Amino acid sequence: MKLFLTSTAGLSLLCSACTQPASGSYTSVQGHTLVVGSYSAPGDSALKVYSFDPDSASVDLLCALPVANASYAAFAGPDLVYALCESTENESSVSAIRLDAGRHSAETLSVRPTGSASPCYIAISPDGRFAVTANYTGGDIAIFPIKDDGQIGWRLSLTAFEGSGPVKGRQDSSHPHCIAFTPDGRYLLVDDLGSDRIWQFAVKSDSDSLIASVPEKSVELEPGSGPRHIVFNKKGDMAYLINELSDKVTVLRYDGQSLCPVQYIAADTAGAGGAGDIHLSPDGKRLYASLRLKHDGIARFDVDQSTGLLTYIGHTDTGTHPRNFTFSPDGRFLLAACRDDNSVWIFEIDTESGALRDTGHRINQEKAVFVRFI
């Protein structure tokens, strides 16, 4: 299925899909290409592609991709999108989509069931041969092959985890929430919110199975932490983990073999248990984390360039429930997907302090939960 959309003058104009493009409807994309995912309403598309103008911080809708409940996506190059449909075990899936932003079109290459419930994260292996999903309610991860033409194949394996934590109702069982590869490509990491662990698998680079069926080791975290998302610095020797339940950031040192926690620091003290996303600024000097349920906003830290340790700097209010955020490629803007505000908020970043200034610009998208530049 292909979708063709003419250029829009504003976000309030919704274009219709058609089988053939209208004459003269193709224009070159100016600025950056942005993908926004959401929990879609019936009949709406959950994954939309926009052109972002860094001079005005404004956007234009390019096309809508045929994916429901698109809670997360991963990218392979400028044109391949791997998007999750987060739902029940029978309805959850991962789609491979080829995007042609310049032609305002998208083509679905393949759709495969995850075979597990509530996939909330997808990552592509460093060699581009595999896609891995973290299935929150299913308590497992699924591995899929990626074909030479970009299509995603049928699931190769499903690895389940066992474990629990002290927070009743939130940690009664394993809940994988993030997949990450160490910068050296040696390990696949699984953040397990339910068991307060990071599971660590050795990557088999020349294998058709990617990893062994059982983890090589795990990292134990503070009880009740609820590990969610993790990011590495550019050097590859430090990692930063946001913990959903404790609202803390864990700093971990990586030596090529193991991850060792070296600092726990609060991102918020409201006791909400709703920390969401985490990212380093493009220059690596600051760390940002999103907070939900109470005191919704973005926490900001300075990163010590010699030790990698953090110092809390401040908090910026956002719309309600900022589940995910990202930086523009030039590092000038931070965009936060605020689910319960039904919009993406656009902030300008002060180059000296890292402080966020609300530009007042919004991308109006119902239940927006994911935002990323290609």
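1. Remarks on the overall build of the protein
1) Next: When helices and strands are counted, the protein shows zero helices and 29 strands.
2) Next: Taken over the C-alpha trace, the protein has a radius of gyration of 20 Å; the compact-globule value for 374 residues is 21 Å, and the two agree within 12%.
3) Next: A total of 374 residues make up the protein; the buried ones form 56% of that total.
4) Next: Sequence-distant contacts in the protein: of pairs separated by 6 or more residues, those separated by 24 or more amount to 47%.

2. A short note on unusual backbone geometry
1) Next: For H321, which is not glycine, the phi dihedral falls at a positive 65°.
2) Next: Judged by relative accessible area, H321 falls into the buried class, the value being 7%.
3) Next: Phi at N342 is positive, roughly 55°, even though this residue is not glycine.
4) Next: Summarising the element assignment, N342 is placed in the loop between β26 (333-338) and β27 (343-349).
5) Next: Look at N342 and you get partly exposed, because its relative accessible area is 32%.

3. Overview of the layout of surface pockets
1) Next: Its boundaries defined by the atoms lining it, the largest pocket holds a volume of some 790 Å³.
2) Next: As for the largest pocket, its lining consists of 29 residues, of which Y72, Y121, V231, H279 and R372 are closest to the centre.
3) Next: A per-class count over the lining of the largest pocket returns 22 nonpolar, five polar and two charged.
4) Next: Here the second largest pocket is characterised by a volume of approximately 340 Å³.
5) Next: Around the second largest pocket sit 19 residues that line it, and N233, K234, K235, D237 and Q305 are the ones nearest its centre.

Calculation criteria
- Residues numbered from 1 in each chain as written.
- Predicted model: local features only at pLDDT ≥ 70, side-chain atom pairs only at ≥ 80, totals over all residues.
- Heavy atoms only, no water.
- Helix = DSSP H or I, 4+ residues; strand = E, 2+ residues; numbered from the N terminus.
- Rg over C-alpha atoms; globule rule 2.2 N^0.38 Å.
- Buried < 20%, exposed > 50% of the residue type's maximum accessible area, 1.4 Å probe, protein only.
- Contact = heavy atoms within 4.5 Å.
- 1 Å grid on protein atoms, 1.4 Å probe; cavity = no way out; pocket = protein on both sides within 12 Å on 5 of 7 lines; lining within 4 Å.
- Points joined across faces, edges and corners; volume = space filled by probe spheres on them.
- Nonpolar A, V, L, I, M, F, W, Y, C, P; charged D, E, K, R; others polar.

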